[in-house]
Amino acid sequence: DGGITQSPKYLFRKEGQNVTLSCEQNLNHDAMYWYRQDPGQGLRLIYYSQIVNDFQKGDIAEGYSVSREKKESFPLTVTSAQKNPTAFYLCASSTPYGATTDTQYFGPGTRLTVL
Amino acid sequence: RKEVEQDPGPFNVPEGATVAFNCTYSNSASQSFFWYRQDCRKEPKLLMSVYSSGNEDGRFTAQLNRASQYISLLIRDSKLSDSATYLCVVIPGGTSYGKLTFGQGTILTVHP
């Protein structure tokens, strides 16, 4: 089955710790994205990557870092510098930008709670 | 003004009702428009793209009004399974690489 997987589903972190959220896709998509969703709000873009070894900051990149060493993988690290990290984190991927109607496919998400 | 704005609702309708949601966007150069559906504590899933001429998929009809900068979603003959949050999504003009901008979502509850 093709799709996007995220792990873990639930993650608890103590203040001051860095944590890394996993995102893997086997859709052969070039582009991958990380979003954050807070209750009652829409998704906000953290980072995105168009190709391997390249990534760009989104609207709320502060306190986060990413890497894109493989096409299939786009892990997100939530650092201790992120002041309010408790949220629902969603990873997405899409085909290369060629038309403006590209669809993004989402993984099931990771719920991060800071204790 | 937010780039994409939706009425958060909630909309509570009986089965069989027709319900419509609107969404306004601020960037007149916006290129592409979508409706996504998100079930409680799940990921968003594409419901339908919105084309300039309007488009229909079964009980769902999407329309775009560029002059007034809004898109709409009409659901006819509502089912219990339509209960979800509906997200309006826009690719703003001048943006790079399919960068989506999401509205905050409209909550729909269909009751028996």
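Residues numbered from 1 in each chain as written. Chains lettered and ligands numbered in written order. Predicted model: local features only at pLDDT ≥ 70, side-chain atom pairs only at ≥ 80, totals over all residues. Heavy atoms only, no water.

A. Representation of the packing of aromatic side chains within the structure. Taken as a whole and judged by the stated rule, the model has 13 aromatic pairs over all chains. When the centroid spacing of 5.9 Å and the interplanar angle of 90° are considered together, the rings of Phe106 of chain A and Tyr36 of chain B count as edge-to-face. Within this pair, whereas Phe106 of chain A is found in strand β10 (residues 105–106), its partner Tyr36 of chain B is found in strand β4 (residues 32–38), the two belonging to separate chains. Since its relative accessible area comes to 8%, Phe106 of chain A is described here as buried. By relative accessible area, which is 1% here, Tyr36 of chain B ends up buried. Geometrically, the ring pair formed by Phe11 of chain B and Phe21 of chain B is edge-to-face, given 5.2 Å between the ring centres and 75° between the ring planes. With Phe11 of chain B in strand β2 (residues 11–14) and Phe21 of chain B in strand β3 (residues 19–25), this residue pair connects regions lying ten residues apart in the sequence. (Phe/Tyr/Trp six-rings, centres within 6.5 Å; stacked < 30°, edge-to-face > 60°. Helix = DSSP H or I, 4+ residues; strand = E, 2+ residues; numbered from the N terminus. Buried < 20%, exposed > 50% of the residue type's maximum accessible area, 1.4 Å probe, protein only.)

B. Summary view of the layout of surface pockets. Empty space within the largest pocket amounts to approximately 510 Å³. The set of elements that each furnish at least two residues to the lining of the largest pocket consists of β9 (87–94) and β11 (110–114) of chain A together with β9 (84–91) of chain B. Of the residues contributing to the lining of the largest pocket, the split by class is nine nonpolar, nine polar and five charged. Of the volumes computed, that of the second largest pocket is approximately 370 Å³. What lines the second largest pocket is a set of 19 residues, and nearest its centre among them are Leu43 and Arg44 of chain A together with Glu3, Thr101 and Phe102 of chain B. Per-element tally for the lining of the second largest pocket: the top contributor is strand β5 (residues 43–49) of chain A, with three residues. Of the residues belonging to the lining of the second largest pocket, the class tally is seven nonpolar, seven polar and five charged. (1 Å grid on protein atoms, 1.4 Å probe; cavity = no way out; pocket = protein on both sides within 12 Å on 5 of 7 lines; lining within 4 Å. Points joined across faces, edges and corners; volume = space filled by probe spheres on them. Nonpolar A, V, L, I, M, F, W, Y, C, P; charged D, E, K, R; others polar.)

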